[in-house]
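Survey of secondary and tertiary structure
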Amino acid sequence: MLLGAIADDLTGATDLALTLSRGGMKVLQVVGVPSPDARFDDADAVVVSLKSRTIPAAEAVAMSVAAGKVLLAAGARQLFFKYCSTFDSTDEGNIGPVTDALLDLLGEARTIACPAFPTNKRTVYKGHLFVGDLLLSDSPMKDHPLTPMRDANLARVLGRQTKTPVVLLDHDQVRAGADALSRSLAAVDGIAIVDAVSDDDLRTIGAAVSGLRLITGGSGVALGLPEMFRQAGLFRPITPPVTLAAPPGRAAIIAGSCSAATRRQIEMAQAQGAPSLQVEATDIAEHRMTVDDAAAFIERSAGSLAPIVYSSADPQKIRLVQEQLGRSRAGELVEHFMGQLAQELTQRGFTRLIVAGGETSGAVIHSLGVTALEIGPEIDPGVPWTLSSGAGPQLALALKSGNFGADDFFLKAWERLQ
Ligand code: ADP
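Residues numbered from 1 in each chain as written. Predicted model: local features only at pLDDT ≥ 70, side-chain atom pairs only at ≥ 80, totals over all residues. Heavy atoms only, no water.

Let's shift gears to the overall build of the protein chain. The helix and strand tally for the protein chain stands at 15 helices and 18 strands. A globule of 418 residues ought to have a C-alpha radius of gyration of about 22 Å, and the protein chain, at 21 Å, matches this closely. Projected onto its principal axes, the C-alpha coordinates of the protein chain cover approximately 65 × 45 × 35 Å. Within the protein chain, the fraction of its 418 residues that count as buried is 55%. Excluding contacts between residues fewer than 6 apart, the proportion of contacts in the protein chain whose partners are at least 24 apart in sequence is 73%. Across the protein chain, the mean location of the 37 positive side-chain charges is 2 Å away from that of the 46 negative side-chain charges. (Helix = DSSP H or I, 4+ residues; strand = E, 2+ residues; numbered from the N terminus. Rg over C-alpha atoms; globule rule 2.2 N^0.38 Å. Buried < 20%, exposed > 50% of the residue type's maximum accessible area, 1.4 Å probe, protein only. Contact = heavy atoms within 4.5 Å. Lys, Arg positive; Asp, Glu negative; His and termini not counted. Charge placed at Lys NZ, Arg CZ, Asp CG, Glu CD.)

In structure tokens, the structure reads:
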């Protein structure tokens, strides 16, 4: 194993796994801390997905270190700590504490922190994180319900979370090329925030970090890693898969994301004639809608286009429901329902599922008892088809973070399955 990665959420882990897979690496995504006797077969990279972004820092540290130990014992040459490209965290953690703990585990004193993901318009310049044309602190992230980001200066943000010194390697040092950057890195004692405004910068950084045992950042910084491993003669890239040999069986779509992209995807599929059923949190709460009802609807509707069960609704409607039920109860009700529905469908012989929504995907994976995902072909940036393994039958799963995917995602995704 060349790279052992630890990601702080599920769809972020998939995004990282896909980046590595597109670079020709054989990638396995594992759900939760793997057991010490886990087998990773011939994977070049293993990405462990945790749900540790917003849990107490001590718990995030414990889980991340446990995962790091298993990955190192399985032979990982380098560790990668993956977090969100908008550096989602609070002054209490978790990016700083987990980075410190992984450095301790490795007995190392230096790493980088680079959340840049230029394809998704996240860039870092002079240590400041931009979302599109806006500083992070002026972007909608300033109002995030769990991790409001009100400071765009990453050295300051991270400095409040870690005792390790934080320094800046700015764009001039990146532009100087991989060798020069590698020498700059070797002189760092602590965590270096590294500027990156383009994919070329990320490739330079990828080539320069061969000597680091720990790399931290968004999925973007993984862009240059497969090439770095190839140049070091450590692996031979394989052609990334373009289709997936999916288990035979019927298909369905479960959407619990209310994001604009998901709602457009549902509308487009409906316009093409896809059967769909909308479920409401209040109907679930008052037992007017049961998992059996939804599963029966899907079973009745199986036809040329995959049927959709969705809870997605516009923000105004969601706000009303949240006022009625409470925000977390409404979310939990819907997540639990979608998880149970996925389980019911697989029991009825469905083997191909698209799930829209990060938290929703987490609930579905949990309910299905899936423990690992083999990364297959890319459908749209950041979203691959995957093959599950775990307690239940093997499934083809596409787990989509709410805002990901083009409008025709629900229609075209199936073309990649054999
Ligand atoms: P995204 O990736 O778009 O953020 P998530 O699945 O992560 O999507 O989050 C959506 C949240 O909204 C989940 O907790 C989900 O249960 C909740 N939710 C979805 N539909 C409804 C609804 N109709 N009423 C209340 N909450 C909902």
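Note that soluble globular proteins tend to have their nonpolar side chains buried in a common cluster. The biggest cluster of nonpolar side chains holds 75 residues, and the ones touching the most others in it are Leu20, Ile112, Ile205 and Leu225. Setting aside residues up to four positions removed in sequence, isoleucine 112 forms contacts with Leu185, Ile191, Ala192, Val194, Ile205, Val209, Leu212, Leu214, Ile215, Thr216 and Val221. Among the nonpolar cores identified, the runner-up in size contains 36 residues, and Val334, Ala342, Phe350 and Leu373 belong to it. (Core = buried A, V, L, I, M, F, W, Y, C linked by side-chain atoms within 4.5 Å.)

Two side chains carrying opposite charge are able to pair once their charged atoms lie near each other. One pass over the full model with this rule turns up 25 salt bridges. A salt bridge links lysine 26 to aspartate 42; the nearest nitrogen and oxygen atoms lie 3.1 Å apart. Pair noted here: lysine 26 is in the loop between helix H1 (10–22) and strand E2 (27–31) and aspartate 42 is in the loop between E2 and strand E3 (45–49), with a separation of 16 residues, a long-range link. Taking the relative accessible area as the measure of exposure, lysine 26 reaches 36% and is therefore partly exposed. The partner of aspartate 41 in a salt bridge is arginine 39, and the shortest N-O contact between them spans 3.0 Å. No difference in accessibility class separates aspartate 41 from arginine 39, as the two residues are exposed. A cluster of three or more residues bridged by salt bridges with shared partners is formed by Arg250, Asp292, Glu299, Glu344 and Arg348. (Salt bridge = Lys/Arg side-chain N within 4 Å of Asp/Glu carboxyl O.)

Between its first and last C-alpha, helix H2 (residues 57–73) extends 24 Å over 17 residues, near the 24 Å set by a 1.5 Å rise per residue. Those residues of H2 that sit buried are Ala57, Ala60, Ser64, Val65, Ala67, Gly68, Val70 and Leu71. In this fold, the buried residues of H2 make contact with strand E1 (3–7), E3, strand E4 (78–82) and helix H3 (95–106). Backbone geometry just downstream of H2 places glycine 75 in the positive-phi region, at approximately 105°. (Expected span 1.5 Å × (residues − 1).)

Looking now at the sheet that holds strand E6 (residues 122–125). Pairing is antiparallel in the open sheet, where three strands are placed in the order E6-E7-E8. Strands at the two margins of the open sheet, each flanked by one partner only, are E6 and strand E8 (134–135). Bridging between E6 and strand E7 (residues 128–131) involves four bridges; their strand directions are antiparallel. The partner of tyrosine 125 across the bridge, within E7, is histidine 128. (Pairing = 2+ DSSP bridges.)

For the protein chain, the assigned domains read domain 1 (3–231) and domain 2 (250–416). With centres defined by C-alpha atoms, the gap from domain 1 to domain 2 works out at 29 Å. Counting residues at the interface gives 16 residues for domain 1 and 22 residues for domain 2. Where domain 1 packs against domain 2, one counts two salt bridges. (Domains from an automatic or database assignment.)

Assignment of secondary structure puts serine 361 in helix H14 (residues 358–368). Classification of serine 361 as buried rests on a relative accessible area of 0%. Within the structure, serine 361 has its side chain in polar contact with the backbone oxygen of glycine 357 (distance 2.7 Å). If near-sequence neighbours (up to four positions away) are discounted, serine 361 is found in contact with Leu10, Thr11, Val355, Leu399 and Lys400. (Polar contact = N/O pair within 3.5 Å; in protein donor to acceptor, adjacent residues only side chain to side chain.)

Moving on, we come to the packing of helix H11 (residues 291–301) against helix H13 (residues 327–347). Put simply, H11 and H13 touch, their axes get as near as 9 Å, and they point 50° apart. With respect to their mutual orientation, H11 and H13 come out oblique. As H11 runs across H13, the sense of the crossing is right-handed. Residues Val291, Asp292, Ala294, Ala295 and Ile298 of H11 form the contact with H13, whose own contacting residues are Phe337, Gln340, Leu341, Glu344 and Leu345. (Axes fitted to C-alpha atoms, helices over the stretch in contact; angles between N-to-C directions. Parallel < 35°, antiparallel > 145°, perpendicular 65-115°, else oblique. Left-handed = near helix turned anticlockwise from the far one by under 90°.)

On to the site of the ligand, then. If you check the shell around the ligand, you find 17 residues, and the closest are Ser257, Ser311, Glu335, Glu359 and Thr360. For the ligand, an oxygen atom lies 2.9 Å from a polar atom in the backbone of glycine 358. With respect to the ligand, the backbone of glycine 402 contributes an N or O atom lying 2.9 Å from an oxygen atom. Counting only elements with at least two residues in the shell around the ligand, the list comes to H13 and H14. Here the shell around the ligand gets four residues from one element, more than from any other, and that element is H13. (Near = heavy atom within 4 Å.)

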